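Observations on the model geometry
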Amino acid sequence: MNNTANLTPHQDLWRNVTVANTTSFYRPAVDPVIGNVITVMFTIIIIITMVSLGCTMEVSKIKNYIMKPKGLAIAAMAQYGIMPLTAFCLVKGFQLSDITGVVVLVCGCCPGGIFSNSMALAIQGDMNLSIVMTSCSTVLALGMMPLLLYIYCQGFPSVQNAVPYGEIMLSLVLILVPCSIGIIIKTYRPQYSKKFTKVGMIIMLIILVGTLSLIAIGSGHIILTMMSPSLLAIAGLMPLMGYCFGYVFSSIFRLIHRERRTVSMETGCQNVPLCTTILKIAFPDEVVGPLYLFPTVYLVSQLLEAAMIIMLFRCYQRFKRKEKGKSDSRIQMLHFNTGLLSRKINKKQKTSMYRCMAGRYFSKIQL
């Protein structure tokens, strides 16, 4: 199968993005009204997500990890080292078109998402490290994301000068505003931070369901044709490789098991709403087309694979508990038998002692 068939109508547009008459033959995959509504809804989702993320940040904990930065530094290297490289290798391995490769790279270069905190909690990771890692990776994205895109886009000569780095940086700066609002709420009104996070997550899930419904209505007929087997394979492999490599990478630096599980979840879970918002706002529709749906497929994959890993971890824990229970019962039985044996020995010793004392007594009487 020809890999350029992923989105071939958009590949020429990508190469000629500065040509003024490209829109004359461009047909949007989604109705413009529905597309605008989807953009607004994704913007609302990212605002709620970033405010909720800010409400989980504690300046004191961030300072503690900055003073002892080993775990945080390893986590940041895993986030911005493993995922972009994984995305680039998968794009080259599956020989995707340039525009498709850039979209996958944008997803790979995004910071960790707020879903990673829930996953770290479910897998019994270090929640302090998880929250601090998500917070710091979001701030670092302001510089790291454009830098990594610039470096890896050198592998796509036809598009390296067309990537809107300025718009991407502007989008990242704008997302820091709601995050700062969340930090202010957490610092000065901590009693409202948990309530806002819970209510915000409920509202975000409702809007997310509505957004996915609109996507299904507006572009459901092209999702299957747009998502080639190569893209579906990448959407499935990227998070799984992130989880595995994140755990291995943190194991090399001898982090404790809780921190390893945390780094694993933080590495594989990307900020999908941020990625989708960047693709919708920073890139022209005639260039990206329906490719902005790729992060949504990635989101489904990362959640399913994380749930599978968590389930395996829980099964392993239950198995270890049973093994520990059996070994404890064996130890208790051993102690019990040892106690009985010692009691028998004590009785024999007492009997022999009494006999010896009685023999001495009767020998004195005879004398």
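As named in an unreviewed UniProt entry, the protein chain is Hepatic sodium/bile acid cotransporter, taken from Maylandia zebra. Within the UniProt record for the protein chain, the comment given under Subcellular location (unreviewed entry) is "Cell membrane". Recorded in UniProt for the protein chain, the comment headed Sequence similarities (unreviewed entry) runs: "Belongs to the bile acid:sodium symporter (BASS) (TC 2.A.28) family."

1. A short note on the packing of aromatic side chains
Applying the stated criterion across every chain, the model contains two aromatic pairs. Taking 5.3 Å as the distance between ring centres and 45° as the angle between the ring planes, the aromatic pair formed by phenylalanine 88 and tyrosine 152 counts as tilted. Here the residue phenylalanine 88 occupies a position in helix 4 (residues 70-94), and tyrosine 152 occupies one in helix 7 (residues 127-152), the gap between them amounting to 64 residues. Tyrosine 152 matches phenylalanine 88 in its accessibility class, with the two residues each being buried.

2. What about the nonpolar core?
Core analysis: the largest hydrophobic core is formed by 76 residues, its most contacted members being Val104, Val106, Ile278 and Phe283. Within the second largest apolar cluster, eight residues are counted, among which are Met119, Ala306, Ile310 and Phe313.

3. Regarding the side chain of serine 301
Take serine 301: it is sitting in helix 14 (residues 294-366). By relative accessible area, serine 301 is classed as buried at 15%. Within the local environment of serine 301, its side chain forms a polar contact with the backbone oxygen of alanine 235, the two atoms lying 3.2 Å apart. Apart from the residues lying within four places of it in its own chain, the contact partners of serine 301 are Ala235, Gly236 and Pro239.

What counts and how
In this convention, every chain numbers its residues from 1, walking through the sequence in written order. Totals for whole chains, interfaces and linings use every residue, but because this is a predicted model, local features are given only for residues with pLDDT of at least 70 and side-chain atom pairs only at 80 or more, for both listing and counting. Hydrogens and waters are ignored; side-chain quantities use all the structure's heavy atoms. UniProt positions are given in the numbering used here, feature names are shortened, and annotations may be inferred rather than shown by experiment. Only Phe, Tyr and Trp rings are paired, with Trp represented by its six-membered ring, and only when their centres lie within 6.5 Å; those with planes under 30 degrees apart are stacked, over 60 edge-to-face, the remainder tilted. Under the DSSP-based scheme used, a helix requires at least four consecutive residues in state H or I and a strand at least two consecutive residues in state E, with every element numbered from the N terminus. Relative accessibility under 20% of the residue-type maximum defines a buried residue, over 50% an exposed one, and the middle range a partly exposed one, all with a 1.4 Å probe and only protein chains included. Nonpolar core, defined: a set of buried Ala, Val, Leu, Ile, Met, Phe, Trp, Tyr and Cys residues in which side-chain atoms within 4.5 Å join the residues together. Distance and chemistry together define a polar contact, namely a pair of N or O atoms within 3.5 Å, with one atom able to donate a hydrogen and the other to accept it when in protein, and with adjacent residues in sequence counting only for side-chain atoms on both sides. Only heavy atoms matter for contacts: two residues are in contact if any of them lie within 4.5 Å across the pair.

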